Every structure is written in structure tokens, then in C-alpha cells.
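Structural overview for review
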Amino acid sequence: MHFAFTDQQIEFRDAVRQVLLNECSTDDLRASFAAPAARTPRWETLATLGVVGASVPEAHGGLGLGLVDLVPLLEEAGRVALPEPLLDTTALAVPLLAELTAADRATTAPVSDWLESIAAGGMAVAVGPPAPGPTPVAGADGADLYVLAAAGGPDGPEIHVLEPDSVTVTPVPSLDPTRRLAAVQWAPGQESRVASGPLAASLVGRTADRAAVATGAELLGLSQRMITLAADHAQERHQFGRPIGSFQAVKHLLAGAQVTLEFARPAVYGAAWSLDEGEPTASRAASVAKAYASDAATEAARVSLQVHGAIGYTWECDLHLFLKRAWALSAAWGSAAEHRARVLASLVAEA
Amino acid sequence: MDTPMDLRFTPAQEAFRREARAWLAANAPEPRSLPSLDTAEGFEAHRSWERAMFDDRWSVVSWPEEFGGRGVGILEWLVFEEEYWRAQAPLRVSQNGVFLLAPTMFEFGTEQQQRRFLPAMASGAEIWCQGWSEPDAGSDLAGIRSRAVRSADDRGWLLTGQKTWASRGAFAEWCFGLFRTDPEADRHRGLTYFLVEMTAPGVTVRPIPQLDGETGFAEIFFDDVFVPDDQVLGGVGQGWNVAMATAGSERGLSLRSPARYCEAASRLVALYRQRLATDPVGAGRSADAVARAWMDAEVYRLGTLWTATRVLDGGSVGPEASANKIHWSETDLAIHRAALDLLGPGAELHGGGTDAPWLDGYLFALAGPIYAGTNEIQRNVVAERMLGLPRG
């Protein structure tokens, strides 16, 4: 039992934090809001640092790291509301593609080329959640590669990987334009299929679990950022001749959000470890993580806006840059309520 | 640390778990078979259980062997707690001593004090209560007025004043309390932490019936009670610092191990499953509350392992103890509230019967956000010391 990150993981996180502090300021975020893009100079910087290729196997030019290693980096991405698709590309698409390189999973698709290109910063990937109907896919507008699930036939779901010339992408407006949401029209074919049957079912399930944890990790960073912005504001803003942060009504709002966040953290970290280790309860742990992180972010967002007062409701104030991402990610890959229902179903079945 | 993250207990820890489980299976009383520890009869029954544990060195596993423990670490203690609660063994009548005073005594006590008090605490021979709150000093603990003045022979102190809400106070042998030794000093300064024998001349105890009708706590009156110098813990005038160490234990790692809530959460899921079989619509109305309560306990387990690792790696627990206290007290409420909702009309049953423990548990849980510093005070601590907000 040693429930902590290693010194090396902390050092990597701190290095990434420093870079993002310089390259992803709120001014930078506003620029991204105005002109969202998948690959940017910042993405190249992150690729050079090894962040984009962190989960790519070393044989394909990456660092071969697991979800536990990624979680602190995703937390940093959340802290600055990083517009680029690190979560979809590095935390979701890469581990799925990497499994396809295993010898017994022969596919004619150029998986190795994709992995190498991703590690080099040359590809941003969009991953479609296995949802019924034409759900918009995050990061789909301008992606270089699409990992999509199809209902498939009697053998269960299929996974397809398509390049941009094989899909029709119709942008859909999101409150957070850096989400680059789009409806993706495509036709499953023999050529694009990379997995079917039990393998595809397993990959779909594990991708959803990884997505729950990775999204949860970004929500941790976002939550802490929103609470910190509000706490800073509460120290500067004076009413009745005192900083508003000296009033208990204000303190208790922020403290409540911080307490929820304090316990969302170990839930996310523990779930990442469970998934990396293939623990039997890993899927449930992922749902606990997402449910808690979504609730923490929803509370942090609401409370932070309330503490800011009217200025927080403006475009001018930076807070909305984080609120919008928090709202989007709270709902993405399963809401808190959906994940709680999953947790309970798993507990009831356990007896 | 270069140790990779690992949430499994070691084979040695698992062996320790099996040993504890076997001992508890052979020795623990049937669940809820002892009378309430807030009755004279129940107090003695619980004391006998403490003694049985002590005789086989299970009462204070994390203490050094010389004081009756096994010298195991915090993780093994958490493992023991998991087994203890899984066995639904009795509530610990000695908890104020072993979980609150003892960590403080290990940190601040003299060797002589440790030898004098710890073994008797571990065996249940001497049970402790806490003399902190006063009628006019609850949340504002630094406002206490009970005072101590030097005795005429200059060999100790004379204590005068009134303490209240002392859990176990009706039957305890000893009390640890805060008294003002320097009337000139400002609030937090000038306080001293005393160890007082409840049979000392001048001590008067008035039990207070709680809302369940039992005398779980008491008022204690001190009228020129002589306390010798060697019953000062941590130095004259150092009372606030010493008390904050005790409060850290109370809110942080040692008073409420996650096993207590995980066990209750498992019983809640079992109750939900029963209701699902007989009344799926009714059960469905509670589904989200049940899931939330179970998750609250689960994240507390994970949070505790996270904190325990930090402590083992040389870190400390600061204001996070306040966040911790808010979380465990609200978790306890959430679990019991969800259970009462599932029980429907059975929720008002009190005393015997299979459903009744939920109401008793709920009543106990309701005290959680009040004792050990109200949750409102803890939110102030989180806001001021974790988020840097100005003191009001």
C-alpha cells in the first residue's frame, strides 16, 4: 500500500504546470475561444515535452506511460482549461490504438504510423463515445483521426478508425468553442474496422472507463482553479468595509466546494490505479471517480460564480472560460447521476 | 518517493488481517448484544470487552508493545479497524482515551506519564472523558474560563470551574481538560492541559440525559480540585498547542476510521437490496441517495489511505483534518438518512428489532457535525487555512 504519486510523476507534473502557466494564460484561452484549433504551437510544445505521446508505447516514439502517470498531467490541463485535445488523443485514443498493435490483433490499418505521428505532435484525435443517435463528438471539428464505435452486428460493437477524408464533419456550436464539437457522418466499412466482437466490446468498455477517469482528472484541475479564482476575488472585493471573504456566508460556500474536491481527488487517483492494474472493481471505481468529480466541478462552478457576483457573469471576467469547460466535462462521458446508477447496479449485483 | 502507486495491502498486512479476523470471530460479542455504553451496566460490559481485547493485545494495536500494543503502523491499524467493524464489534468505550488522549500523550507526555496512564487506558481499567467545552465556551474554545491557581504548598494546582458535554463523563475515571492558568494572558495563551481524576475531592458530576434518554454526557463541576504538577500534560501555558494536537486526532485520522462508514454503507446496500425485492418502486426513490452515501464512505476510505501514505512518507495533516471531519460526519448522516428513508414507517422504531439500529445510528450521526468542533467552525478553518480567506 502506497497511495501517492512518485517523485518522478510529481516532477513531470510540475514541469507541465510551468509550461502551461506560460503558454496557456487566460489571454491565450481567449484567443483559442476566438479561433479554436486542434493542433497549435502549444500542442507542439506539449509534444516536444513528451506529454502528447506520454501513453504511446516506447517502440512507437512515446514514453509508454499509464493512466496513473497521465492523471496529474490531465489535472494540469484542467487547471488552465487547455483547449487542445490531450484527453481524447493521449488518454483515450492512444491506449486503444496501442492495443491494436499487439501481434494477435492483426489489422491492416497503419496503427504504428498513427501512433508515431501522434507522439510527434502531428495528429489530434477525436473519440466518439458509444452513444445512441447522432451525438456530437468533442474535438471532431478539425481532427486528424477519428476513433468511432458502431453498433455492429450480432457479434456486438465494432470500432472503426477513419481519416478526415472518410467522414463528413458538421460543426455544432458548444458554449465552449474550444470543444470543437461536430456531428460526424460516416459509414462503417470493412476498411475502417479495427476491432469487432469481444475485443471491440472490451475496448469500448475500457475506453469509457478511462474517459470517466481522465475527464474526472481534468475536472479536478478545473474545480481547483475556479475555487482559487473565487477565493482571490473574495479577498480583493470589499463590501461593508471588509473583504467579502471575511464573511462566513462566503467562506462556507467555498469551503464546502473545497471539501467535495478534496475527496474527489483520491477517488480519481484510485480509479486510475485500478484501471491500470485491471482490478475487478475498476469499472465501478471509474464511475465513483466521475460521479464525484462531476459533482465537485458543478459545485465549484456554481459557488465560484456566486462568490464573484455580477462580475462573474460577464465575458470580461475570466471565470467563464473555466465554467464552460466544467459544465461540458461534467456531462461528458456520463453525468454524475448516470455514474451513480452504474455504481449502485454494480453493488446490488455483487451480493 | 520512488515507490509506484499501489493500493493493495502487503502479504504481511493481509496475514495481520487474517489473525485479527480469526480473533474477532472467536471473541467478539454478538453484534449489538451488549447494553448501551451510556448506561452503568453497559459501561461495565464494554469495559470487560476492552479488557478481553487488551489481554490478547488487540485493544491498541498501533501502540508500542511496552504499553500493551503490537507496535504496528497506521496501515495495519486501518486493516484492524476494517476487521473490527466488519465483525460489528462493540463501540469503544475507551475511545476518548485511546484515540484522542493517547496520541497527544505520546507526543507531549513525560516518560513517567506514559508509563502511569497508557497501560491502564489500554486495558479499560481507566476510562477517560474530555473536559473542554464550557457553558459559555463551545465553538469559541479559547474563551474558556475554568481556571487553575497554584496550590498553597506549591506542588500543584487548584482547579475551579465547570465543564460540560463530556462524553462518557457520567462513568469515566479520568478527565483531560483545558484550564486557564494565566488570567492575564490573551485567550489562546495562558491555558494548560490537565489530567484530573474524577474521584478527586471537589469534583462533582451531573449526568445529562441526551435526546435518546441516555446519559451519554455529563457536566463536571470543579471546586478547588487539587491536581499535582505531574498531571500537567505538555507544560504550563502550552494547553492550546497540546489541545490542537488532540483536536487534530479528533478530526483527522485516528478517531473515525473509514471502516466504520464502509461497514454501515454495506449494510445500507443490503437494506436497499431487500427493499428492491419487495418494493422496487419505493426502493427506486432512494436509489440515488443510497449510491451517494455508499460513495461518500468509499471516497473517505480512499482519502484516508491517501493521507495515511502522506503521513508515512513524513508529511503531516494540517487543516485538511477539518475537511476530513466535515466529510466523515456528513457521510454518517447521509448513510443513516438514506436507510431511514428506505425503512419508511419502520424508521421510527427504537430499541430492539432489526430495523432499530438505523434510528440509533442516525441519532448518533446527528451529533457528528456538532462535536469535535462544529462543522461551521471547520468550514471557517478550511476557508481561512486552505483557501487563505481573511479571519472574520
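Refer to the structure printed above.
These lines cover the structure that appears in this document, whether it is placed above or below.

Comments concerning the overall build of chain B
Across its full length, chain B carries 12 helices and seven strands. Computed over C-alpha atoms, the radius of gyration of chain B comes to 21 Å, within 12% of the 21 Å expected from 2.2 N^0.38 for 392 residues, which places it in the range of a compact globule. Projecting the C-alpha coordinates of chain B onto the three principal axes gives extents of approximately 70 × 50 × 50 Å. Looking at chain B as a whole, 47% of its 392 residues qualify as buried.

Comments concerning the interface of chain A and chain B
Listed per partner, the contact involves 41 residues of chain A and 47 residues of chain B. With 14 residues, the top contributor of residues to the side of chain A that touches chain B is helix α8 (residues 248-277) of chain A. Across the side of chain A that touches chain B, the residue classes break down as 27 nonpolar, 10 polar and four charged.

Section: the sheet that holds strand β1 (residues 125-127) of chain A
Residues and elements named next belong to chain A. Across the sheet, which stays open at both edges, the four strands sit in the order β1-β2-β3-β6 with mixed pairing between neighbours. Only two strands of the sheet have a single partner each, and these edge strands are β1 and β6 (193-196). Sheet twist, expressed as the average angle between the axes of neighbouring strands with direction ignored, equals 25°. Alignment of strand β2 (residues 145-153) against strand β3 (residues 156-162), held across six bridges, turns out to be antiparallel.

Side note on the nonpolar core
All names here are of chain A. By size, the foremost hydrophobic cluster in this structure holds 227 residues, and its most contacted members are L254 and V268. If you tally residues by element for this core, the top one is helix α7 (residues 197-236), at 18 residues. Excluding anything up to four places from it in sequence, V268 contacts V71, V213, G216, A217, L220, A289 and A293.

So, unusual backbone geometry
Residues other than glycine seldom take positive phi values, yet F240 of chain A does so here, at roughly 55°. Notably, A372 of chain B is not glycine yet its phi reads approximately 60°, a positive angle.

Here we look at the packing of α7 of chain A against helix α10 (residues 319-331) of chain A
Residues and elements named next belong to chain A. Across the interface, α7 lies against α10 with an axial gap of 10 Å and an inter-helix angle of 150°. What the angle tells us is that α7 and α10 run roughly antiparallel. Between α7 and α10 the crossing geometry is left-handed. Contacts between α7 and α10 involve T215, E218, L219, L222, R225, M226 and L229 on the former and, on the latter, L319, F322, L323, R325, A326, L329 and S330. Of the residues in the contact of α7 with α10, the class split is nine nonpolar, two polar and three charged.

Rules behind the numbers
Residues numbered from 1 in each chain as written. Chains lettered and ligands numbered in written order. Predicted model: local features only at pLDDT ≥ 70, side-chain atom pairs only at ≥ 80, totals over all residues. Helix = DSSP H or I, 4+ residues; strand = E, 2+ residues; numbered from the N terminus. Rg over C-alpha atoms; globule rule 2.2 N^0.38 Å. Buried ≥ 20, exposed ≤ 12 C-beta atoms within 10 Å, placed from the backbone. Contact = placed C-beta atoms within 7 Å. Nonpolar A, V, L, I, M, F, W, Y, C, P; charged D, E, K, R; others polar. Pairing = 2+ DSSP bridges. Axes fitted to C-alpha atoms, helices over the stretch in contact; angles between N-to-C directions. Core = buried A, V, L, I, M, F, W, Y, C linked by C-beta atoms within 7 Å. Parallel < 35°, antiparallel > 145°, perpendicular 65-115°, else oblique. Left-handed = near helix turned anticlockwise from the far one by under 90°.

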